[in-house]
Amino acid sequence: KEYIKTARARLVRGGFIKIESGYAELTPKGEAVLRRLELMNYKIKEPRRWDKKWRLLIFDIPEKRKKNREEVRRILFGIGFVRLQDSAWLYPYPCEEIVTLLKVEFALNKELLYLIVDTFDGERTAACQFNLERYLSKP
């Protein structure tokens, strides 16, 4: 009980919850944190067969928003995207929904580009990372 009481007090002090009539309620700050945590655990449904197209996310988030940039990278990594460069990430399956969620949550209208490409340098290595090399033609 003491652990829960301490944790609740810490959440109240941090502004994440408020206690009213004996009930805990999320504050807007708490809801924002919860949304970001949900993004970290987001799962993309993999289709039965790969369509042989790559989804490439490229973003250019300014230095003044460095925390957001790092959080986007953590989310992409957690979902299973592969880093091509610091701000270029690859995924083999349709992922429009997470792109939309990232754009909304981090206000990335023009800073985040979503590309669907047929091929790129290093494709064979990427296919191996996703266990999709069987879909590529033999070299």
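Relevant structure appears above.
Figured I'd write up the structure that's included with this text.

At 3.6 residues per turn, the α-helix brings residues three or four places apart onto the same side. Of all the residues in helix α4 (residues 96–106), the buried ones are Ile98, Val99, Leu102, Glu105 and Phe106. End-on, the buried residues of α4 take up no more than an arc of 140 degrees, which puts them together on one face. Every exposed residue of α4 that faces more than 90 degrees away from the buried side is listed here: Glu97 and Val104. Residues of α4 that are buried in the fold lie against α2 (28–40), β3 (54–59), α3 (66–79) and β6 (112–117).

Turning to the environment of Gly122, a few remarks are in order. Position of Gly122 among the secondary structure elements: in the loop between β6 and α5 (123–129). What makes Gly122 partly exposed here is its relative accessible area of 43%. Between the C-alpha atoms of Gly122 and Met40, which are 82 residues apart in sequence, the distance is 27 Å.

In this section: the packing of α2 against α3. With their axes 8 Å apart at the nearest point, α2 and α3 run at an angle of 40 degrees to one another. In terms of orientation, α2 and α3 fall into the oblique class. Of α3, the residues touching α2 (which contributes Arg36, Leu39 and Met40) are Asn68, Glu71, Arg74, Ile75 and Ile79. Its residues assigned to classes, the contact of α2 with α3 shows four nonpolar, one polar and three charged.

Each value, and the rule that gives it
Residues numbered from 1 in each chain as written. Predicted model: local features only at pLDDT ≥ 70, side-chain atom pairs only at ≥ 80, totals over all residues. Heavy atoms only, no water. Buried < 20%, exposed > 50% of the residue type's maximum accessible area, 1.4 Å probe, protein only. Helix = DSSP H or I, 4+ residues; strand = E, 2+ residues; numbered from the N terminus. Arc of directions from axis to C-beta. Contact = heavy atoms within 4.5 Å. Axes fitted to C-alpha atoms, helices over the stretch in contact; angles between N-to-C directions. Parallel < 35°, antiparallel > 145°, perpendicular 65-115°, else oblique. Nonpolar A, V, L, I, M, F, W, Y, C, P; charged D, E, K, R; others polar.

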